[in-house]
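Residue-level structure breakdown
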Amino acid sequence: MSDSQIIDTALLSGSADTLRTALGGYWFESAPSDRPDQQTLNFFDANTPKIDRKDLTKLFLPIDGDIIQSETISSDVPIPNKYFPVRIAASSERIKDDAHWRKVILGGTYGENSYSSIYNETVFQYLNFKYNKPYSKIAGTEIYNASDGTVVPEIEISYDYSDYLPLYEDHVKQLDSELLIPNYYVFADLSRYADNDDIEPLYPNELINFVTLEGQYEGFINDIFEFNSSNVPWSDHDPSGIQVAKDSFGSLVQRNTNLSVDYLTSSLIQNSLSASTTSWVKDKFQTLLFDQEAIENISALQDYQECFPYKIKINFPQIAIPESSISGQTIQPNDFFESINTNNFSSKFIKTLYETFTNKIDELVPVNKNYVNYLNYNAVSDGIVEEVDSVTNIPLREIDYVKFLCYCYNNYVNTNPNCMFVGDYNLYRLATTSRDDTYRHINTQTAVGVLNDTINFISNTDNVSVLKWDDLYAANERYTEVLAYRIEKIGGAPTGDNKTQNTLQNFWFINSSELPDFEFFDTQVKFDTDYTYKVYAYVLTVGIKYNTSDLRLTRQLGCAVDTNEDGTDDQVGLEFYDPFSADEPPAKRLLPGAYGGAAFDEEFEFGNDERLYSSYPFLADFYLNYEPTVKIIEKPLFSKTLKILDNPANRLNIVPYQVKDSSNRIGFDFTYNAFSERTFPSLISEEDQTYKQNYMHAQDLLDDSTLAKESISKPRYLEIYKLSKRPQAVAEFNNNQIATLDLKIKNSKHTNRMASYEDRVRPNRKYYYLFRVLNEQRNLSHLSEIYEAQLINDGGSPYTVFNVISEPELQEEIFNKTSSDFKKLFQLQPNLKQLQFNTDDVDFDQNAGSQINNLAVGTADDLIWDKTFKVRLTSKKTGRKIDLNITYYLNSE
């Protein structure tokens, strides 16, 4: 997987957290030395107690041993909240006086220098987590091919097209809403019951009416996926084969169930829904909710999705969160999910999560917050796998989890009924969807259990705390879990500024640690129609919320203490004051004890609370306040627009012939070949190019990928193209179609796999034919070879010559020498310059035997020896050609 890291922008150098930038403990962008055109993130460690900034010297903290001593701000709230004092010291080497010190801390101009404020009281979040993001399937294929077999985890959004049901496809094409199409999850869930009578008390009447077509479907819903052999020719003669087929639940059974044989192709088309049922379905099916029980039930029935003729499918490995090491303890990231599951809170959780992130709850409107997304992944460039770093700013929506749980605890009446759980009326779904307080106790019990678990988790200092400065100023990854997923389905390509105007449905899934892969199937789609799917993960992360307060600065009092042996003063008398008060009164120092100095003795007239002696002439005290924060962040994972299409048809086998009469006709016999894996067929028209782009994109195929799937619909239309001039590319056949043969057998759903075609031609002229077959969806097939046909009439005895031209042979070689006419004899003789002796390297002062190898034949710039030349002889009468390949060799004796 690619490594992805989400970092709060406050943790970056130059952010609004100016104290962090001043003290260290921040990320900064830089270009890798081996990839100067990219950006990566690096971490600058806080160097405490020494400070690397030139105008600051040291940091003091109330530490006992290795632990910072914090105090509780308020015990009236359940979330732990702490504070501790911090002191920053500076020497006189960089700071000139008290006024200069004030400008360094609070910002402003001193002399010719301008300073930005180090101190501010803004509340920041320490949120930083990693997750492993899968590659797109097409990127995974490229990496596999370029790396000689490296397999990477992939996210796939594609489709399965397994059965051609024209009546069903035409019917759903006419529906005004995809929500009225049968839904795999609903049908699979209802099939768990033995009888329709068992279903009625457990489900809404409108849902039962939708599935049973207002009661007109006579079969039981639990039998909808049972094998129906009525369309299997051998079923009456081989009953034992039926049982074998049923036991294997292979493709034969999947294509022949009550669903496809009866329901989709007959009952659904012949029986309409009432207006009230239609309205209910269009309302409820916009949002389908999957709690823990729904996922467990459906996962056991996943094979049933194979029974639908086509569907969009989405699958990817569960988004992996690296194990976190917090305070030296390895944390498995599933505590919050286990709490939700153990307390039977998944129904309430997933419904409230849906309501929250669709802005249906005024008290829980998600906050849009900017984060930095750092990606490190592999990509293929020019056939080589390269490492890529990317740093981008992304806006993400987030909510406070504790506030979310408090809302769930306090609100037990359903005010947003426009959604539907996949599953029956169990107790916890009833408590979540109730329009009154009937199930108030259940709601309270589940919510308070999760809330208590959450408070206990964040109260445990092993999970989240600031016991060391590094807990807040080091590159610590925070505790993180993925709690839920959402799939947004958009009709057509996204449009508008927010790209969601045409949203048709949303599917919300509670995460399940029991399933290694996330899989989703959408049967409520139309054939050859664009849909966009967006996948989101809802990530819970535990961080720290912090700010500074109660700033005190020092001013020098003009006194000092002599503590050096040489009699020089080394500690200056300082007084703390409040820089934000108009008269800047003295203020109590915040760090107790002799941090950075010594307490005043009783002989001095001023007290110890506001004053001290310090070896650092400039001090600043403030409180650092912090508390745990738990956020749920909506993280977009992947998006893709695609449509369901049939696969290309097979190739034709062609046998040309001459009609043996005086009609000047030639003919071709066609046979539809068996399927074989090939690359995508060659294209003739722009429509072909569009089909190829849509098909290859939807199936995540590269240009050189072989197509492993056969056309589902039958061969139907045989296209015949003809040219009177030799083409140089198959695209020249576009708009030169002379006939289309319909292979459909009259009064049958079957089509012929053999056909013939005859064409009248003029004698002694060449014609070029190209053939292909379209399937019933009018998707193209592999092209035939080009047939060059010539009916030669030589003295009243016509005969036909057929030549086969493959596509690579279309581009003829261009010869530089012009043609020459001759009658019966011709002679190929080298030019004189090719035969003359070249004596440039011969030394005539030496004997002949020693110079024989220095004598060359030919004085021309381009010699012909050991080179091959093509000579084409063309008959003026018939136009037939003979190619001669002639090589000239130089022989010596």
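Presented here is an overview of the structure given in this document. (Residues numbered from 1 in each chain as written. Predicted model: local features only at pLDDT ≥ 70, side-chain atom pairs only at ≥ 80, totals over all residues. Heavy atoms only, no water.)

Focus on the pattern of salt bridges
- For the coordinates displayed, the defined rule picks out 36 salt bridges.
- Measuring nitrogen to oxygen at the nearest pair gives 4.0 Å for the salt bridge that ties Glu-156 to Lys-313. A residue pair is termed long-range when its members are at least 10 positions apart, and Glu-156 in strand β14 (residues 154-161) and Lys-313 in strand β16 (residues 310-317) qualify at 157 residues.
- Note on Glu-156: relative accessible area 13%, which makes it buried.
- Classification of Lys-313 by relative accessible area gives buried; the value is 15%.
- Here Arg-665 and Asp-661 are joined by a salt bridge, their closest N and O atoms 3.1 Å apart.
- Using a relative accessible area of 38% as the deciding quantity, one classes Asp-661 as partly exposed.
- Salt bridges linked by common partners bring Glu-156, Asp-160, Lys-311, Lys-313 and Lys-709 together as one network. (Salt bridge = Lys/Arg side-chain N within 4 Å of Asp/Glu carboxyl O. Helix = DSSP H or I, 4+ residues; strand = E, 2+ residues; numbered from the N terminus. Buried < 20%, exposed > 50% of the residue type's maximum accessible area, 1.4 Å probe, protein only.)

Section: the sheet that holds strand β34 (residues 754-760)
- Read from one edge to the other, the open sheet built from three strands follows the order β30-β31-β34, with strand pairing classed as antiparallel. Across the chains shown, the open sheet's two edge strands, defined by having one partner strand only, are β30 (652-658) and β34. Strand-to-strand twist across the sheet, computed as the mean angle between neighbouring axes with direction ignored, equals 20°.
- Pairing of β30 with strand β31 (residues 665-672), which is carried by seven bridges, proceeds in the antiparallel orientation. Counted as the bridge partner of Leu-652 is Tyr-672 from β31. (Pairing = 2+ DSSP bridges. Axes fitted to C-alpha atoms, helices over the stretch in contact; angles between N-to-C directions.)

Points about the sheet that holds strand β32 (residues 715-723)
- One open sheet accounts for five strands, arranged β33-β32-β35-β36-β37; its pairing is antiparallel. Among the strands making up the open sheet, the edge pair consists of β33 (737-742) and β37 (798-805). Direction aside, the axes of adjacent strands within the sheet are offset by 25° on average.
- Bridge count between β32 and β33: five bridges; the pairing is antiparallel. Following the sheet pairing, Leu-718 is matched in β33 by Leu-741.

Focus: the packing of aromatic side chains
- Here the structure, examined in full by the defined rule, presents 55 aromatic pairs.
- Measuring from centroid to centroid gives 5.9 Å for Tyr-119 and Phe-622, while their planes differ by 55°, and the two rings are tilted. Of this pair, Tyr-119 sits in the loop between β10 (113-115) and β11 (124-126) while Phe-622 sits in strand β29 (residues 618-642), placing them 503 residues apart in sequence.
- Judged by its relative accessible area of 7%, Tyr-119 is buried.
- You can call Phe-622 buried: its relative accessible area is 2%.
- Just above the ring of Tyr-531 sits the side chain of Lys-489; from NZ or CZ to the centre is 5.5 Å. (Phe/Tyr/Trp six-rings, centres within 6.5 Å; stacked < 30°, edge-to-face > 60°. Lys NZ or Arg CZ within 6 Å of the ring centre and 35° of its normal.)

Quick notes on helix α2 (residues 98-106)
- Every buried residue of α2 is listed here: His-100, Trp-101, Val-104 and Ile-105. Angular distribution of buried residues about the axis of α2 spans 130°; they occupy a single face of the element.
- Downstream of α2 by a residue or two, Gly-107 has a phi angle that is positive, lying close to 90°. (Arc of directions from axis to C-beta.)

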